[in-house]
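Descriptive structure summary
Here is what each chain is made of, one letter per residue.
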Amino acid sequence: MIDLSDAVGFFRANFDTDPSTAIESPGRINYIGEHTDYNGGLALPIAIDRGITVVVGDGLRGTKIRATSAGQRSIVDIDLDDLVSTTVFDGWSRYLLGGIKVLLDEGYPIRGVDISISSDLQLGSGLSSSAALLLAVVYAITLHNDINLSRDEVVELAHRAEGQYAGANVGYLDHYAIGFAMPRRATFIDFSTMSHSSCEIPFDELLVVDSNVHHSISSGGYGERRRECERAAEILNRRFISGASVEEVQTIADVELRLRAMHVLEENARVEEVRNEFSQGKTGARMLLDSHKSLRDQFRVSCPETDLIVESSIEAGAEGARMVGGGFGGSCIVVGGDPSNIERVVRSKFASGGFGPPSFFIAALDGSLKRVL
Ligand code: ADP
Ligand code: MG
């Protein structure tokens with residue numbers, strides 16, 4: 001996380017006043033359970049020590065919303081009265097204003113506000129900077145206006161904002177993963193009942209490798225996979241693929257749809273297995289590798305760069321590795337082995353393969369969504 005004093009300093013530098021509230025919102029790695037959320041399946045995400053800090057203050061005390069984000073060129077400057085009648089947003093402001101707009105839609109009284117955003121979470125890298133930002137904004141704005149929302153409501157509104165105003169028709173994984181995160185615990189989520197519980201993680205940190213191929217959820221592939229899964233569920237005559245049995249899935253005539261559905265069932269089983277391994281103090285590393293292979297061969301959302309990270313990490317002594325997030329680029333997590341050796345091998349494979357350099361960091365698994373000012 002960005003140091004709170006730096007985040008507050010950034011706010012002061014922009015608005016020349018003192019802030020009243022600051023929220024830290026973590027990124028997440030999804031340990032296992034990929035593309036299962038919108039299929040009524042299971043997932044096991046963990047929040048990390050990188051994320052977004054949103055700082056807010058009274059500003060001009062009128063109806064103006066002013067916002068700035070370190071690293072973004074454009075600033076936001078809009079009157080609340082205009083925001084009420086705006087429904088289409090562009091650029092990064094769709095996350096910020098989307099988060100405020102859902103509160104207005106609910107009829108909550110909102111005052112003008114100054115907002116600064118600081119982040120040490122690479123955006124678009126599959127670590128869920130979008131949901132981290134939305135949850136931070138919704139939480140910060142409700143606190144700023146003395147609106148008392150439960151955590152479930154904050155999560156629900158952040159998810160709604162992402163679909164309705166950010167144009168990203170995503171499942172609930174990221175919003176649950178961040179909104180309900182507890183330090184040093186994984187969140188076990190069952191999307192068929194929308195219920196969650198937490199479980200202990202038998203390790204403190206994970207190696208994260210960003211392919212630096214950055215996807216955008218709103219572009220193409222993700223939406224196509226969602227539509228395929230809806231078609232598969234229709235064929236199965238189920239609300240969600242996850243409600244079907246392996247035997248039922250095997251009757252799907254369309255080979256590609258059958259592969260998508262098979263991934264979902266097998267991935268759900270892997271989530272259960274990893275949770276079980278966690279309870280025995282084990283990492284479930286082999287399950288990560290199987291998950292990656294299934295995302296590559298059955299769900300077809302990996303890319304040459306993430307495949308190479310996984311392959312060369314294993315070659316360098318890792319016990320398991322897989323891509324995380326929606327796919328088509330983004331980051332991988334790596335379990336076991338010597339991180340510096342893995343970094344050396346992956347870097348050299350990328351160079352000889354003619355790919356741009358990836359980035360590496362060790363994530364501590366202690367993130368949670370919280371007020372820090
Ligand atoms: P991911 O959630 O995997 O990081 P997305 O494509 O879902 O990738 O979301 C990335 C988008 O979220 C960015 O393009 C930007 O609009 C917004 N965003 C994330 N972090 C910030 C930030 N610190 N400042 C402004 N916008 C941000
Ligand atoms: Mg996102």
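Everything numeric here is computed off the predicted structure, so don't read it as measured data. (Residues numbered from 1 in each chain as written. Chains lettered and ligands numbered in written order. Predicted model: local features only at pLDDT ≥ 70, side-chain atom pairs only at ≥ 80, totals over all residues. Heavy atoms only, no water.)

**Considerations on the side chain of threonine 53**
Under the convention used in this document: Helical segments are the DSSP runs of H or I of at least four residues, strand segments are the runs of E of at least two, and each set is numbered from the N terminus. Summary of the burial criterion: residues with accessible area below 20% of their type's maximum are buried, those above 50% are exposed, and those between are partly exposed, where the area comes from a 1.4 Å probe applied to protein chains only. By definition in these notes, contact holds between two residues if any of their heavy atoms fall within 4.5 Å.
Counting through the fold element by element, threonine 53 comes out in strand S3 (residues 45–57). The exposure class assigned to threonine 53 is buried, which follows from its relative accessible area of 0%. Excluding anything up to four places from it in sequence, threonine 53 contacts Ile2, Ala7, Ile23, Glu24, Ser116, Ile117 and Ser118.

**Observations concerning the sheet that holds strand S10 (residues 320–323)**
This is how the line gets drawn: DSSP calls a pair of strands paired once it identifies at least 2 bridges connecting them. Only the stretch in contact is used when fitting a helix axis, every axis being a line fitted to C-alpha atoms; angles between N-to-C directions are given from 0 to 180 degrees.
Sheet architecture is open: four strands sit in the order S10-S11-S9-S12, paired in antiparallel fashion. With partners counted over all chains shown, the strands left at the sheet margins are S10 and strand S12 (359–364), one partner each. Geometrically, the sheet is characterised by an average inter-axis angle of 25 degrees between neighbouring strands, direction not taken into account. As paired strands, S10 and strand S11 (residues 331–335) are joined by four bridges and run antiparallel to one another.

**Notes on the sheet that holds strand S7 (residues 185–190)**
To summarise the sheet geometry, strands pair through backbone hydrogen bonds and adopt either a parallel or an antiparallel arrangement. One open sheet holds the three strands; their spatial order is S2-S7-S8, and the pairing between them is antiparallel. In the strand order of this sheet, the two ends are held by strand S2 (42–43) and strand S8 (195–200), each with one partner. Where S2 meets S7, two bridges bridge the pair, whose relative direction is antiparallel. Of the residues in S7, the one forming a bridge with alanine 43 is isoleucine 189.

**Concerning unusual backbone geometry**
The phi torsion at aspartate 16 lies on the positive side, around 60 degrees, for a residue other than glycine. Relative to the helices and strands, aspartate 16 resides in the loop between helix H1 (4–15) and strand S1 (21–30). The exposure class assigned to aspartate 16 is exposed, which follows from its relative accessible area of 71%. The backbone of aspartate 146 sits at a positive phi, close to 55 degrees, despite the residue not being glycine. With respect to the helices, strands and loops of the structure, aspartate 146 is situated in the loop between helix H4 (129–144) and helix H5 (151–164). Under the relative-accessibility criterion, aspartate 146 is labelled exposed at 70%.

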